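Letter by letter, the chains look like this.
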Amino acid sequence: MPVDRLAGLGGAGTDHLYQVGWTPLVLPADAAGVAAPAVLDLTAGTAEGPEGARALVGRVSEFLHQGLTDPARSGEPLAVVTGPPDADPAVNAVWGLVRSVQQEQPGRVVLLGGEGTGFPAAAVDPSVVGGLLASGENQALWRDGTAVVPRLARAEVPTGTGLVLDPVGTVLVTGGTGTLGGLVARHLVESYGVGRLLLVSRRGAEAPGAAELVAGLEALGASVEVVAADVSDRSVVDELVGGVPAERPLTAVVHTAGALADGVFEAGSAERLGEVFAPKADAAWHLHEATEGLGLAAFVLFSSGAGVFGNAGQSLYGSANGFLDGLAGWRRERGLPAVSLAWGLWAQASGLTGHLDEADRARLARGGLKALATEEALVLFDAALRSPEALLVPARLDRDALRKRAAGGELNPLLRGLVRTPRRTAATGAPADDAADFAARLAALPERDQHREVLDLVRSAAAAVLGHPSKNAVAAAQAFKETGFDSLGAVQLRNRLARATGVRLPATLVFDHPTPLALARHLRSELLPEPAAGPAAVTPGPRAAGPDAGPVPVEGPAIADLDIDGLVARALRGRG
């Protein structure tokens, strides 16, 4: 969309552009019941560049993994303490990692950054960490004795034409032959009058669709050079920048390249950090260093909402994108142009989102994230170039879906400024008293009804994670993996059950108890432990065989409450 048409759009063009603000939080006076935190203090020293960030992220990964997997520390909060993240690429990489881990492990990990009076001493004060958890918060900055927490809000964008690029100059686009790189390249020619493009990608002219892209751009009047290059290599970046003709000087950089390394946080996760850091963080840093003295008009980084919101299963990706967000702030502090765009989902499938199937997109939609149409996304790109902010979040958020998540205790605290939210409990983030009510209600039921109640809870939660409208879509005796659960779905089910019951549950829950029946039995035993046998207890001996022995009793829900799969499982167990 041409830049001169933006003024006529009013607010409609920027309704989906957000920024992160900070709001004061009054800590509860009484945070009793929250254990003293284990603390990793990263405030001493500095870490520069992607190598320094990798080392810092590695330390955090080791600390978190040890704390989250040690059974003896299951109730212990883990606090990661840093300096301010906004203009520090390495610290922001840590925040990007931890935000995703927080989505996988609700109520366990707190991020606390800050400076000034009382910091970092406040970070090791159980009343501060406990107060954050009691408020349902998991991130805060400490500013001279006051805690402030992040909230997403609509960005204020100046009107007008904004960025002007010299039509004689060259714009370098990494990932330039990819889906998003190609869309941006065409937009730069059509809307900004860019006369020369340097499109860089790993496959260069051999990339699918590259010839058609170049032909289309040349038909618009642009001169196009396509280069196959690895921008994670500093010497390659220096050669690319140095090779730009003096008569067509480099005026802007748009860094869209990236790679995924999805998977739930676990031991050895940091070993894969290089897979996402190299094309994303390393390349951005090399581009920064190679162009620092060239007087660029724009330095645009394509980041991801994973580094801002935190996405379960994307801790490494979140970390690499967090580095980009911090780099933009770091450049701005030094008077250099930069903006990092932490994108939500584009409707146009790309190399990073092409693997998403209908179920994946439906899961994102239930989480409150809708896809941006290409024209919408490009309007937000233009608006971001007019903004004074170093970090912006272009994303289409579904308020109705967010309200549903808030009602169920699943809303990310970052989004609480967008919808009204109920009161929270400290440990699980669930609406207050719901978990206690469930346990009390369960204890008051007869045993057969207890089994039915817990099984209904498990099946309903599993159905919700999979996007089914009813528990009837999840058979009681069918293995979770057969119903469509993957590692991310398993984490979401664990978290949903933990919120509903108030019980801390391991990340391996679904794998340890692979069917709803097995999981329901385990969950009931956690909620209502069997009393220890007293001295007068009689241990029954082996049952006598014979026609009068009667049926073998089978623990579990009543027959009337089972579906056909459950009945078969019950019959098979009875035969054993």
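Higher on the page you've got the structure.
As a convention, each chain's residues are numbered from 1 in the sequence order in which they are written. Given that this is a predicted model, residues contribute local features only at a pLDDT of at least 70 and side-chain atom pairs are listed and counted only at 80 or more, while totals for whole chains, interfaces and linings are drawn from all residues. For the side-chain quantities, the full set of heavy atoms in the structure was used; hydrogens and water were omitted.

Asks: Account for the nonpolar core, with residues named and values stated.
Replies: The term nonpolar core refers to a set of buried residues drawn from Ala, Val, Leu, Ile, Met, Phe, Trp, Tyr and Cys, joined through side-chain atoms within 4.5 Å. Under the scheme applied here, a residue whose accessible area is under 20% of the maximum for its type counts as buried, over 50% as exposed, and between as partly exposed, the area being computed with a 1.4 Å probe on protein chains only. If you look at the biggest cluster of nonpolar residues, it comprises 61 residues, and the most contacted ones within it are Val60, Leu64, Val80, Val94, Val98, Phe277 and Phe323. Looking at which element gives the most residues to this core, the answer is helix 7 (residues 273-291), with nine residues. Residue contacts follow a heavy-atom distance rule, with two residues in contact if any of their heavy atoms lie within 4.5 Å. If we skip the residues at most four places from it in the chain, valine 98 touches Val60, Leu64, Val80, Val109 and Leu111. By size, the runner-up hydrophobic cluster in this structure holds 39 residues, among which are Val194, Leu199, Leu380 and Leu392. Where helices and strands are cited, they refer to DSSP runs of H or I of at least four residues and of E of at least two residues respectively, numbered from the N terminus.

Asks: Residues and numbers for the pairing of strand 2 (residues 38-41), please.
Replies: On strand 2, burial follows the alternation: Ala38 and Leu40 on one face are buried, whereas Val39 and Asp41 on the facing-out side are not. Note on pairing: two strands pair once DSSP finds at least 2 bridges between them. Sheet analysis places strand 2 next to strand 3 (residues 78-82), joined by four bridges and oriented parallel. Across the sheet, residue leucine 40 finds its bridge partner in strand 3, namely valine 80.

Asks: Can you break down the environment of glycine 131 residue by residue, with the values?
Replies: Mapped onto the fold, glycine 131 is located in helix 3 (residues 126-134). Residues glycine 131 and leucine 25 lie 106 residues apart in sequence; the distance between their C-alpha atoms is 9.7 Å.

Asks: Just give me the short version of the packing of aromatic side chains, but keep the residues and values in it.
Replies: Here is the rule: rings of Phe, Tyr and Trp (six-membered ring for Trp) pair when centre to centre is within 6.5 Å. Planes less than 30 degrees apart are stacked, more than 60 are edge-to-face, and the remainder are tilted. As enumerated under the stated definition, the model contains seven aromatic pairs in all. For the pair tryptophan 285 and phenylalanine 323, a centre-to-centre distance of 6.3 Å together with 70 degrees between the ring planes defines the contact as edge-to-face. Here tryptophan 285 is found in helix 7, whereas its partner phenylalanine 323 is found in helix 9 (residues 315-333), with 38 residues between them in sequence. This pair shows no difference in class: tryptophan 285 is buried, exactly as phenylalanine 323 is. Two limits define a charge over a ring: the Lys NZ or Arg CZ must be within 6 Å of the ring centre, and within 35 degrees of the ring normal. Sitting over the ring of phenylalanine 299, arginine 331 keeps its end group 3.9 Å from the ring centre.

Asks: Could you give me a rundown of the packing of helix 16 (residues 487-501) against helix 18 (residues 516-527), with the residues and numbers involved?
Replies: Axis definition: a line fitted to C-alpha atoms, limited for helices to the stretch in contact. Angles are taken between N-to-C directions and run from 0 to 180 degrees. With their axes 12 Å apart at the nearest point, helix 16 and helix 18 run at an angle of 35 degrees to one another. Pair helix 16 / helix 18 crosses with right-handed handedness. In this structure, helix 16 contributes Leu493, Leu497 and Thr501 to the contact, and helix 18 contributes Leu519, Leu523 and Leu527. Classification used: nonpolar for Ala, Val, Leu, Ile, Met, Phe, Trp, Tyr, Cys and Pro, charged for Asp, Glu, Lys and Arg, polar for all others including Gly. Residues of the contact of helix 16 with helix 18, tallied by class, amount to five nonpolar, one polar and no charged. The handedness criterion is simple: a crossing whose near helix is rotated anticlockwise from the far helix by less than a right angle is left-handed, and one whose near helix is rotated clockwise is right-handed.

Asks: Run through the pattern of salt bridges, naming residues and quoting values.
Replies: For this document, the term salt bridge refers to a Lys or Arg side-chain nitrogen within 4 Å of an Asp or Glu carboxyl oxygen. Counting across every chain of the model gives 16 salt bridges. Where arginine 151 meets glutamate 137, a salt bridge forms, and the shortest distance between an N and an O atom there is 2.5 Å. Within this pair, whereas arginine 151 is found in strand 6 (residues 146-154), its partner glutamate 137 is found in the loop between helix 3 and strand 5 (139-143), the two being separated by 14 residues in sequence. Shared partners join several salt bridges into a network, and the residues in it are Glu51, Arg54 and Asp282.

Asks: Tell me about the environment of glycine 204, and please be specific about residues and values.
Replies: With respect to the helices and strands, the residue glycine 204 is situated in the loop between strand 8 (196-201) and helix 5 (210-219). Glycine 204 gets classed as buried once you look at its relative accessible area, which sits at 0%. As a C-alpha pair, glycine 204 and alanine 228 span 24 residues in sequence and 3.8 Å in three-dimensional space. Excluding residues that lie within four positions of it along the chain, glycine 204 makes contacts with Thr177, Ala210, Val226, Val227 and Ala228.

Asks: Just give me the short version of the side chain of aspartate 325, but keep the residues and values in it.
Replies: Looking at the secondary structure, you find aspartate 325 in helix 9. The sign given to each residue is positive for Lys and Arg and negative for Asp and Glu; His and the chain ends receive no count. Among buried Asp, Glu, Lys and Arg side chains, aspartate 325 stands out as unpaired, with arginine 99 the closest opposite charge at 5.8 Å. Among the polar contacts listed, one links the side chain of aspartate 325 to the side chain of serine 340, at a separation of 2.6 Å. Non-local contacts of aspartate 325, meaning those with residues more than four positions away in its chain, are made with Asp86, Asn92, Ser303, Val308, Ser340 and Leu391. We define a polar contact as two N or O atoms separated by no more than 3.5 Å, with the added condition that, inside protein, one atom must be a possible hydrogen donor and the other a possible acceptor, whereas residues neighbouring each other in sequence contribute only through side-chain atom pairs.

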